[in-house]
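# A closer look at the structure
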Amino acid sequence: MNLTYSAEDEEFRARLKDWLAAVLPGLPDRPDPSDWPGRRAYDTGWQRTLYDAGYADVHWDASPTRRLIFLEETERAGAPYVGANFVGLLHAGPTIAAEGTPGQRARWLAPVLRGDEVWCQGFSEPDAGSDLASLRTRAVRDGDAYVVTGAKIWTSHAEVADWCELLVRTDPDAPRHRGITWLALPMDAPGVTVRPLRTLAGSAEFAEVFLDEVRVPLANRVGAENDGWRVTMVTLSYERGTAFVGEVVACRRVLTEIAAEARKNGSWDDPVIRRRLGRMYAEFGALWRLIQWNVSESERIGGAPGVGGSVFKLRYSHARQDLYEAAAAVLGPDALDLDRPWSLERLSSLSYTIAAGTSQIQRNIVAERILGLPKGR
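What comes next is a walk through the structure. Every value quoted in this text rests on a predicted model; they were computed, and no experiment measured them. (Residues numbered from 1 in each chain as written. Predicted model: local features only at pLDDT ≥ 70, side-chain atom pairs only at ≥ 80, totals over all residues. Heavy atoms only, no water.)

## Concerning the overall build of the protein
The secondary structure content of the protein amounts to 11 helices and eight strands. For the protein, the share of sequence-separated contacts (at least 6 apart) that also reach a separation of at least 24 residues comes to 73%. Split by element, the accessible area of the protein, about 17,500 Å² in all, is 53% carbon and sulfur. (Helix = DSSP H or I, 4+ residues; strand = E, 2+ residues; numbered from the N terminus. Contact = heavy atoms within 4.5 Å. Areas by Shrake-Rupley, 256 points an atom, 1.4 Å probe, with all protein chains shown as cover.)

## Focus: empty space enclosed by the protein
A probe matching the size of a water molecule, rolled over the atoms, marks out where space remains unfilled. Scanning all chains against the criterion turns up three cavities of 30 Å³ or more. Around the largest cavity, the lining is made up of 13 residues, and of these Phe-70, Thr-74, Pro-80, Tyr-81 and Val-82 lie nearest the centre. Looking at the lining of the largest cavity, the elements that each hand over two or more residues are α2 (36–53) and α3 (64–76). Looking at which element gives the most residues to the lining of the largest cavity, the answer is α3, with four residues. Here the residues of the lining of the largest cavity are counted per class, giving eight nonpolar, four polar and one charged. (1 Å grid on protein atoms, 1.4 Å probe; cavity = no way out; pocket = protein on both sides within 12 Å on 5 of 7 lines; lining within 4 Å. Points joined across faces, edges and corners; volume = space filled by probe spheres on them. Nonpolar A, V, L, I, M, F, W, Y, C, P; charged D, E, K, R; others polar.)

## Some words on the environment of Gly-103
Mapped onto the elements of the fold, Gly-103 is located in helix α5 (residues 102–114). With a relative accessible area of 48%, Gly-103 lands in the partly exposed category. Spatially, the C-alpha atom of Gly-103 lies 9.3 Å from that of Ala-219, the residues being 116 residues apart in sequence. (Buried < 20%, exposed > 50% of the residue type's maximum accessible area, 1.4 Å probe, protein only.)

## So, the packing of helix α1 (residues 7–23) against α2
It is the contact of α1 with α2, at a shortest axis distance of 13 Å, that shows an interaxial angle of 130°. Our classification of the angle between α1 and α2 gives oblique. α2 is crossed by α1, and the crossing has right-handed handedness. Listed contacts from α2 to Trp-19, Leu-20 and Val-23 of α1 are Trp-46, Thr-49, Leu-50 and Ala-53. When the residues that make up the contact of α1 with α2 are grouped by side-chain class, the tally is six nonpolar, one polar and no charged. (Axes fitted to C-alpha atoms, helices over the stretch in contact; angles between N-to-C directions. Parallel < 35°, antiparallel > 145°, perpendicular 65-115°, else oblique. Left-handed = near helix turned anticlockwise from the far one by under 90°.)

## Some remarks on the side chain of Glu-72
With respect to the helices and strands, the residue Glu-72 is situated in helix α3. On the basis of relative accessibility, which here comes to 4%, the residue Glu-72 falls in the buried class. Engagement of the side chain of Glu-72 in a polar contact is seen with the side chain of Arg-76, the distance being 2.8 Å. Residues within four places of Glu-72 in sequence aside, it is in contact with Tyr-5, Arg-13, Val-249 and Trp-288. (Polar contact = N/O pair within 3.5 Å; in protein donor to acceptor, adjacent residues only side chain to side chain.)

## Looking at the packing of helix α4 (residues 86–99) against α5
Where α4 contacts α5, the axes come no closer than 10 Å and their chain directions differ by 160°. It follows from the interaxial angle that α4 and α5 lie roughly antiparallel. The way α4 lies across α5 gives a crossing that is left-handed. Packed against α4, whose contacting residues are Gly-88, Leu-89, Gly-93, Ile-96 and Ala-97, the element α5 presents Gln-104, Arg-105, Trp-108, Leu-109, Val-112 and Leu-113 at the interface. For the contact of α4 with α5, the per-class residue count stands at seven nonpolar, three polar and one charged.

## Quick notes on α4
Between its terminal C-alpha atoms α4 stretches 19 Å, which fits the 20 Å expected from 14 residues at 1.5 Å a residue. Remark: the principal bend of α4, roughly 40°, maps to Ala-92, with a proline, Pro-94, within the next four residues. Within α4, 11 of the 14 residues are buried, which leaves it mostly tucked inside the rest of the structure. Of all the residues in α4, the buried ones are Phe-86, Val-87, Gly-88, Leu-89, Leu-90, His-91, Ala-92, Gly-93, Pro-94, Thr-95 and Ile-96. (Expected span 1.5 Å × (residues − 1). Bend = angle between axes of the 7 residues up to and from the residue.)

## Brief notes about unusual backbone geometry
We note that Trp-154 has phi near 60°; this positive angle belongs to a residue other than glycine. With respect to the helices and strands, the residue Trp-154 is situated in the loop between β3 (145–152) and β4 (163–169). Positive phi values are uncommon outside glycine, yet His-157 reaches one of about 60°.

## Here's the deal with the environment of Arg-195
Take Arg-195: it is sitting in strand β6 (residues 192–197). In this structure Arg-195 comes out as partly exposed when scored by relative accessible area, which is 46%. Distance from Arg-195 to Phe-210, taken between C-alpha atoms, is 8.3 Å for residues 15 residues apart in sequence. Filtering out sequence-adjacent residues up to four positions away, Arg-195 remains in contact with Ala-207, Glu-208 and Phe-210.

Right, dumping it as structure tokens:
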């Protein structure tokens, strides 16, 4: 395990920092958070800027360490995050890069890297969230296509997406984990209906997606038929591995801002507040070291992030909630004002122990795959 950076890594960091300092002042204003077509244009425009500068492929072709440096420095510089391009860049793209055929990689990866196409995630269903293997969306072969019928929920960025990484059941008689297939669904296909969902924080980045006999070409299957669960584990390893790196950097910055606010409004004089913020400082420092450990392990085995990603995701989800509860303690009654800093983030943090695999699921993974405990009956 190596938690340090090589001279070549530091040279890459220096070049990136110089480039960010030169390009960020010229970016247009960010669109209104509720303007999803505008946000898509802004996010994909930034992706095109990265592509033209030679940084777009850092999520796939660069080493995990270079990817870590890229995410760390872009967040520190206040650069746009992947936004609407999140699923394509951090989930579907790496999965297709690892599991797709040469033709699939040629068809789908370059448009994601250029910001030409946006993906959404069609995994969860109304009755298959934490227990994803119980999904019921059905795909039946008909000639050179699958005919798909069912419904998905919490589909990220579906209203502005071109493609969906879709899990379907292709063998209803097989054991639950063995009858699932991973498909690339064109969102403009006949029979696809999208209904946006509004969150507690007022945002609408999720949607319900209804599929009524949608034809998906067999060529859009990534991996073998009924091998979708294994392919999905590749997707989820990226989602729980390095996908939250930028957010940890942002949380460390927010913690500094909360401490500054505590000094300003006098709550710093409360030893309970100081102790709480000090603990959070240590918590996020440890999480950063855990990220570095996971990256080091990924480079050692030469593959996707391993089960250490579940350890990270489990602790980070609760640490993020603790962070914004600490912010509320510093703000006092002002924390109820949704126009104040951190108030909306406090609401959105409630979803983190559910999104990308619930904390209960992560504990099961840690217990079975790291601690070697038997599966529950």
